[in-house]
Amino acid sequence: MTLLQFHPWASAVEAPFWQVLTQRKMDIFKLDDSPKPILGYYSTGQQVRIPGKDTSVALPARLCLGTGAFPDDSGLHEHPLNKTPAFTFPAPGVVKNTNTIEDFKSIDRAALFKMVVDQIWDDITSGRAALDPSTLNRFLLVTFADLKKFKFFYWFAFPALQADPAWSMDAIQEIGAVWSPTIVNHLREQVDHYKLNFGPSQSGFFLVKEGQEGLSVARLQDWDEFYVGCDESQVIVGFADPSSLDSNPGWPLRNLLALLQYRWKVTKVRVLCFREVLGKQDISASKLFIAQLPSYIPVTACPKAVGWEKNAQGKLGPRLADLAPLMDPTRLADTAVDLNLKLMRWRLLPDLQLEKVQNTRCLLLGAGTLGCYVARSLLGWGVRNITFVDNAKVSFSNPVRQPLFEFEDCLEGGKAKAETAAASLRKVYPGVNANGYSMSIPMPGHPISPQLVESAQNDIARLEELFEQHDAIFLLMDSRESRWLPTLLGARMKKVVINAALGFDTFLVMRHGVGQDQEYHASNGTTPLGCYFCNDIVAPTDSLSDRTLDQQCTVTRPGLSAIASAMAVEMMVSLLHHPEGIRAPADKADAEAEQDAFAQQGSALGLLPHQIRGFLSRFKNLLISGQAYDRCTACSDSILSAYDEEGFGFLFKVFQDATHLENVTGLTKMKEESEDLDMEWADDSEDDM
């Protein structure tokens, strides 16, 4: 008899496992570093024949972790064992993912190891291991995931209870040297039938009885009934052996022998090392031997255990998986973009709805200074779908103020702003779906010549289509009248509309209400919020003709556009988090206590104002609110009805003569009545004199 030595486990972690761990860390675990259940798997030992030579190479006894290592989201605390690949056997484990590399280095490994050892021993002494032998394969994984560099430090432990005195073995034999091919094939059929009947938890360990009618197979828990009347030579214990060595069985046998010694007081037993060539119904590589203890010594306390895996240098120490060189750069960018955002949910904003923000399709009308800064802020929030609309070309004055353009974009007459901005955005982040459309937006008071009517119709049809395809619309144009048609379409389609406008040292950022929307507000006792034009009693008209150079250009303090753009994007994100969405009421509290109260009942990000008016000269912002005006030239019911009834015919009248809006809304009549009142007042005054 010689000392029984075992082929140790070699961990084999598939790259997708680290990706799943990253996702779990970001979205579920966050700062929770408590041990989490995982599931590994292994197959029986394999040898690979070297081509052209009459020799074979023994493969390591690999315990693998793949994409299915973690439980699903069903709320189960333990992993379902039927998630392992075909021809494999389950090994339940726990992973402790530390939050810092310092925690990983200083962790109490002995305590963690003892935790798993105690669990294995409790399974043995309580009888659970006999009912579910897969628990004999419990393991521990300690990790640290460096999510910025995509490096993963890890250390496996495969606890195995030590026998004292140690087990010994006689000469190991090929299964074909003990049984005939017929018996061997019958054994394979019996094991296949056993695995099919009793499932993954039982498949890796089984009992074999040698009788007059051949070999039969049963579960470990059936020991007492199965071996009734049998002598020692008929008792065989089988296990799925991950070892491919000719002289050493695999690691799972260690805890199996501990179970046999404790529960059935076994000191001598025949062991079947079941090894099957995957998918070929060939178990000829299986081995048989006798394992024996010098004497039976009752075990009352948990034995000592070994099992920490050595690193690639053959020393006790952790390993490193560096996935950065293996990953697609675009995929790396995807993960990195989301990193800072998801970190917000760890401590600061657990209710942050990142997926809702990222899936919001944003249409930017204007690719100038505001458009460029808004687009970059949207990227910062992880927005994946951004579309630009602009009809201008990049000029030499643009790149210094508009961060999506470069000097080369100005050459040869300048590139189209919309397409160039979209291309630049894709360079910044390849994962964004950015598109640009060079097109004009017809405006009130800007007559359309007969030869351009068809082109204007096409532009309007395309604009309507873009509105349908997007969720949030940003109005970022230079002139007031260019915002009229988008405001009308936003009210008609009930889209999120965010408006940003600049003065020299002032700005306005506002969100539009949903037109009059009287039925909703009447039932909720609220007041509809106005749009950009609701404060006007005159129609928007041509503000671009007959202007000096300083009036033609947007002359503002250089830092103003970045401030206003950031406010606009943050307003949209806050609106997306409000339970009432686009119909959210206006917050305008200034006191900190009032702000907290609004935050509890409104957006998770805090106050959600209707309008922000900023004054850079005083470094001050005012939160104001304006009601929807029933005679508004852009969002009133009369305007929306006229558009629905006449379509382009209505728009054409407005483009040719903006006062048509005043006629439709009743502003003309209101002005006439007001003038009549003024005249009557003047006549009365003269009579008094």
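Rules used in this analysis
- Residues numbered from 1 in each chain as written.
- Predicted model: local features only at pLDDT ≥ 70, side-chain atom pairs only at ≥ 80, totals over all residues.
- Heavy atoms only, no water.
- UniProt positions renumbered as here; feature names shortened; annotations may be inferred.
- Helix = DSSP H or I, 4+ residues; strand = E, 2+ residues; numbered from the N terminus.
- Buried < 20%, exposed > 50% of the residue type's maximum accessible area, 1.4 Å probe, protein only.
- Contact = heavy atoms within 4.5 Å.
- Salt bridge = Lys/Arg side-chain N within 4 Å of Asp/Glu carboxyl O.
- Phe/Tyr/Trp six-rings, centres within 6.5 Å; stacked < 30°, edge-to-face > 60°.
- Axes fitted to C-alpha atoms, helices over the stretch in contact; angles between N-to-C directions.
- Parallel < 35°, antiparallel > 145°, perpendicular 65-115°, else oblique.
- Nonpolar A, V, L, I, M, F, W, Y, C, P; charged D, E, K, R; others polar.
- Pairing = 2+ DSSP bridges.

The protein chain is annotated in an unreviewed UniProt entry as Ubiquitin-like modifier-activating enzyme ATG7 of Linnemannia gamsii. Quoted verbatim from the Subunit (unreviewed entry) field of UniProt, the annotation for the protein chain is "Homodimer."

1. A short note on the side chain of Thr-22
With respect to the helices and strands, the residue Thr-22 is situated in helix α1 (residues 15-29). A relative accessible area of 8% means that Thr-22 is categorised as buried. Not counting residues up to four positions away in its chain, the partners in contact with Thr-22 are Leu-147, Phe-152 and Thr-335.

2. Structural notes on the pattern of salt bridges
Oppositely charged side chains may form a pair once their charged atoms are brought near each other. Tallied over the entire structure, the rule returns 20 salt bridges. Residue Lys-114 is joined to Asp-118 by a salt bridge in which the shortest nitrogen-to-oxygen separation is 2.7 Å. In this pair, Lys-114 and Asp-118 are both assigned in helix α3 (residues 109-126), 4 residues apart and thus about one turn of the helix distant. Connected through shared salt-bridge partners, Glu-174, Asp-246 and Lys-287 make up one network.

3. A short note on the packing of aromatic side chains
The final tally for this structure, using the stated rule, is 27 aromatic pairs. Arranged with centres 5.0 Å apart and planes meeting at 65°, the rings of Trp-9 and Tyr-42 form a pair that is edge-to-face. Of this pair, Trp-9 sits in strand β2 (residues 9-13) while Tyr-42 sits in strand β3 (residues 36-42), and the two are 33 residues apart along the sequence. Per residue, the accessibility class of Trp-9 equals that of Tyr-42, and both read buried. Consider the rings of Trp-18 and Tyr-154, whose centres lie 5.2 Å apart with planes at 50°: the pair is tilted. Pair noted here: Trp-18 is in helix α1 and Tyr-154 is in strand β9 (residues 151-161), with a separation of 136 residues, a long-range link. On the accessibility criterion, Tyr-154 (10% relative accessible area) is buried. Of the aromatic side chains, those joined through ring pairs into one cluster are Trp-9, Phe-17, Trp-18, Phe-29, Tyr-42, Phe-70, Phe-89, Phe-139, Phe-152, Tyr-154, Phe-156 and Phe-158.

4. Points about unusual backbone geometry
Cis geometry marks the peptide bond from Asp-164 to Pro-165, where omega comes out at 5°. Here Pro-165 lies in the loop between β9 and β10 (168-169). Here the phi dihedral of Lys-30 falls at roughly 55°; this positive angle occurs in a residue that is not glycine.

5. Overview of the packing of helix α14 (residues 484-493) against helix α19 (residues 637-646)
The interhelical angle for the contact between α14 and α19, taken along N-to-C directions, is 90°, at an axis separation of 10 Å. Considered as vectors, α14 and α19 are oriented roughly perpendicular to each other. Together, Leu-488, Leu-489, Ala-491 and Arg-492 of α14 and Ile-639, Leu-640, Tyr-643 and Asp-644 of α19 make up the contact between the two elements. Of the residues contributing to the contact of α14 with α19, the split by class is 6 nonpolar, no polar and 2 charged.

6. Overview of the pairing of strand β24 (residues 506-511)
Counting buried residues along β24, 5 of its 6 residues qualify, which places the element largely inside the surrounding structure. Of the strand pairs in this sheet, strand β23 (residues 496-502) and β24 are connected by 5 bridges, and their pairing is antiparallel. In the strand pairing of β24, Asn-499 is matched with Met-510. Here 5 bridges tie β24 to strand β25 (residues 611-615), and the two strands are oriented antiparallel to one another. From the neighbouring strand, Thr-506 faces β25, where its bridge partner is Phe-615.

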